[in-house]
Amino acid sequence: MDRFVLKNFALALSGVFLFCAGLLAAEVRFACDRADQVCHVGQSAVVTMTVLDNKGEPVEKGMLRVRVTNDGGETLDRQDFNLAESNPAAVNVSLSFPGHALVKVTASGEGVGEDVHRLFGLSFDPQQIEPGLPKPDDFDRFWTDGKAEVRQIPLDAEMTPIPELTTETREVFQVGFATLGGKRVYGFLSKPVGEGPFPALVNVPGAGPGTGPDLTLTDRGFAVLVMNVFHYPVPLDEEERKKQHKEYNKSLGVRYCYFHSNDRDTYYYRSIYLGIDRAIDWLAAQPFTDHRIGFFGMSQGGGSALILSGLNRNIKAAVASEPAICDHAGGLKGRSPGWPRLVAQAKGDPEVLNASRYLDGVNFAGSIEIPIRVTVGFIDVTCSPSSVWSAYNAIPSADKEMILDQELGHQRGEKYRQAIDWLCETVGNM
């Protein structure tokens, strides 16, 4: 999971968003006359907010400030309520265009205690949300050329056993493969003991220091290839991972996801994804696997699911949970793009805007024809719902589904686990 999540928006339970600071100070309870929180453009939804004290009684002193935005971008409405006069308080929310409205509330004052910040989301004709910019005309050629370029380099596959994780029922390896620029991509392979063939799954972790192997899914009978997005082998020890990740970003002079973001040819992710794409080809060619290969990931991993499912025909089914790396140009439509917000981070640099179009999950999505499930959190401020929808809507697959989680921010939930179960069943039964 990405680490850039607003801490004040982390916990959602049954439509009640609680603030904890030692003792429970207050809560904001939401209600909406649109049960699924999905409306048509031009319709109005009534969102009611009740501020309760630590005894469950309506607060009688303080203020409730409400701001409605275009999915974390432009402000569409502001209203302030005196809790002595308006508790509960209600606002009408509507959009004149397909999109997602994010309702941000702050309760403060004597009756509240420490300020409480909460979110509520509403989508308006989300199936019609379009990306900030269209797919470049030479996008497919750019990646076809890249795939050919990396395959001119010897694969130089390395597969090193990890004895401390190997048991009577599974084998675990560190793996590495050559990619562009004399660099390598690294990951972990875990597989059941035996010749197989076994169904296989591929994963790219969320942004951060990377992860080790996925032993849980291996113990369910899958060969699992976990590929990290760094040009160095990620340590098994978590503290070592964090230390090396910090040093790596320092050596780049910027966080890896922003490295050379103004140049599509040398942008950080290009050599990474071309290397992982070829690693998937390697996995498909191993005698212990067969044609059953699925891909799953969340956040950076969810964006990777879109990117690599668009690039690699060996992938037969995928789960893209709250995908990042989508709709970099969303700011042009007044909304928040998805992580890592390349264009915003570069203060609108036109070179970054142009280069970002070549590494955008939206533009890979148009090549996805496999069964796929995508999840979206209605109060996700890291991978904005509109950025997720803009990618989902571009997918031509006849077997696709958007899984809505109205109460979720940028985090795994039960619906994510259900999507992984769907993937395992789908791939396992192919």
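These notes cover the structure that comes with them. (Residues numbered from 1 in each chain as written. Predicted model: local features only at pLDDT ≥ 70, side-chain atom pairs only at ≥ 80, totals over all residues. Heavy atoms only, no water.)

Enumeration according to the criterion identifies 18 aromatic pairs in this entry. Cluster of aromatic residues (ring-pair linked, three or more members): Phe230, Tyr232, Tyr248, Tyr256, Tyr267, Tyr268, Tyr269 and Tyr273. For Arg264, the ring lying beneath its charged end belongs to Tyr358, and the centroid distance is 4.6 Å. A cation over an aromatic ring shows up here: Lys400 above the ring of Tyr392, its NZ or CZ 4.4 Å from the ring centre. (Phe/Tyr/Trp six-rings, centres within 6.5 Å; stacked < 30°, edge-to-face > 60°. Lys NZ or Arg CZ within 6 Å of the ring centre and 35° of its normal.)

Ordered in space as β10-β11-β12-β14-β13-β15-β16-β17-β18, the nine strands form an open sheet in which the pairing is mixed. Each of the sheet's edge strands pairs with one partner strand only, and the pair in question is β10 (158-161) and β18 (400-405). This sheet shows a mean twist of 20 degrees between the axes of neighbouring strands, independent of strand direction. The sheet contacts of helix α5 (residues 300-311) involve β15 (289-298), β16 (317-321) and β17 (372-377), and relative to β15 the element is tilted by about 140 degrees. Sheet contacts for helix α10 (residues 414-428): β13 (198-203), β15, β16, β17 and β18; angle to β16, the most-contacted strand, approximately 170 degrees. (Pairing = 2+ DSSP bridges. Helix = DSSP H or I, 4+ residues; strand = E, 2+ residues; numbered from the N terminus. Axes fitted to C-alpha atoms, helices over the stretch in contact; angles between N-to-C directions. Contact = heavy atoms within 4.5 Å.)

This next bit is on the sheet that holds strand β5 (residues 63-70). Spatial ordering of the open sheet is given by β3-β9-β8-β5-β6, a layout of five strands whose pairing is mixed. Unpaired on one side and paired on the other, β3 (38-39) and β6 (75-82) mark the two borders of the sheet. With eight bridges joining them, β5 and strand β8 (residues 99-109) adopt antiparallel strand pairing. Across the sheet, residue Val68 finds its bridge partner in β8, namely Val103.

This part covers helix α3 (residues 238-252). Since the α-helix packs 3.6 residues into each turn, any two residues three or four apart lie on the same face. Between its first and last C-alpha, α3 extends 21 Å over 15 residues, near the 21 Å set by a 1.5 Å rise per residue. Those residues of α3 lying buried are Arg241, His245, Tyr248, Asn249 and Leu252. All buried residues of α3 fall inside an arc of 95 degrees around its axis, so they share one side. Facing away from the buried side of α3 by over 90 degrees, the exposed positions are Glu239, Lys246, Lys250 and Ser251. Looking at the buried residues of α3, the elements they touch are α4 (268-285). Backbone geometry just after α3 places Gly253 at a positive phi near 85 degrees. (Expected span 1.5 Å × (residues − 1). Buried < 20%, exposed > 50% of the residue type's maximum accessible area, 1.4 Å probe, protein only. Arc of directions from axis to C-beta.)

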